[in-house]
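A structural walkthrough
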Amino acid sequence: MAPHVAAGTTLLTGVARCGMPGCSSGMTIRTGKGGRYTYYVCNDRVNRGGTCACPSIWREKLDSLVLDAIEARLLARDRLRTLLAGVLDVSQNRQAEREADLTRSRSERTRLNTAISNLLILIEEGTMSARDPAFVERMATNRAALAAVSSRIDVLEAQLAKGKRRIDEQTIDRFGDMLRKKMRSDDSSLRSSYLKMFVTNVSVSDHEVVILGPVSSLENGVSVGLPVKEGAVPIFDREWCRLQDSNL
């Protein structure tokens, strides 16, 4: 996500998408009544001359629906403990599994870094053009996979590190309480940035709103920790893979 999008003050910019059949365009912002009202509107319909039937939704209404749903369905204590059950499991067998997973993840990171380097060598040698669709597709795939495995390594290293405090149910409860507070912050840019750490897609159609995000982001947050400096939210170094554990 580009920095100007991730750091924007509009809560769902960059994650809200049209969920109508046959359309997956992003939702853009439009105003009405001389700027008194602001709406999320399907970008295909307003900027590309499309015929998408996705309704325009008042921004405050959609923002409120999403925040309420996250607070009630995701950050509820029982739900959050269930989602983060793997982090709570500190048995000896589980620790051995994590060590093996960390070894595999590090090997995969090395492989992906090598693959990316090889692609760049092809460009340097003139064997392939940077505009070649095959190059663009492979580079994007490898970079997305690298971001996902790097995030996984961060989680595993934090869980296995000696001297780290034990993560228990009370830790998860405090983590949830902190997230709820951040989501309700008066600072709109901070609120938006924190939401985008855990939500990758808000799909809007004429009959439902579906919120998606990877469980690994929550695991990383409770294991490694949230940014502690106000406003210092990582917004461009990772792209979470919505195809993995997208059941928030």
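Residues numbered from 1 in each chain as written. Predicted model: local features only at pLDDT ≥ 70, side-chain atom pairs only at ≥ 80, totals over all residues. Heavy atoms only, no water.

With that settled, the discussion passes to the overall build of the protein chain. If you tally the helices and strands in the protein chain, you get ten helices and six strands. Buried positions account for 40% of the 248 residues belonging to the protein chain. Excluding contacts between residues fewer than 6 apart, the proportion of contacts in the protein chain whose partners are at least 24 apart in sequence is 63%. Working note: accessible area of the protein chain is about 13,900 Å², and carbon and sulfur atoms make up 50% of it. (Helix = DSSP H or I, 4+ residues; strand = E, 2+ residues; numbered from the N terminus. Buried < 20%, exposed > 50% of the residue type's maximum accessible area, 1.4 Å probe, protein only. Contact = heavy atoms within 4.5 Å. Areas by Shrake-Rupley, 256 points an atom, 1.4 Å probe, with all protein chains shown as cover.)

Counting residues in hydrophobic clusters, the biggest one holds 41 residues, and the most contacted among them are Leu12, Leu195 and Leu218. With sequence-adjacent residues up to four places away left out, Leu195 is seen in contact with Leu11, Leu12, Val66, Leu67, Ile70 and Met183. Membership of the second largest hydrophobic core comes to seven residues, among which are Leu119, Met139, Leu146 and Val149. (Core = buried A, V, L, I, M, F, W, Y, C linked by side-chain atoms within 4.5 Å.)

Here we come to the sheet that holds strand E5 (residues 201–204). Strands in a sheet are paired, the pairing made by backbone hydrogen bonds, and the direction either parallel or antiparallel. Spatially, E1-E5-E6 is the arrangement adopted by the three strands of the open sheet, whose pairing is mixed. Strands at the two margins of the open sheet, each flanked by one partner only, are strand E1 (16–18) and strand E6 (209–212). In this sheet, adjacent strand axes meet at a mean angle of 25 degrees when their direction is disregarded. Of the strand pairs in this sheet, E1 and E5 are connected by three bridges, and their pairing is parallel. Counted as the bridge partner of Cys18 is Val204 from E5. (Pairing = 2+ DSSP bridges. Axes fitted to C-alpha atoms, helices over the stretch in contact; angles between N-to-C directions.)

Treat this as a map of the structure, not an account of what it does.
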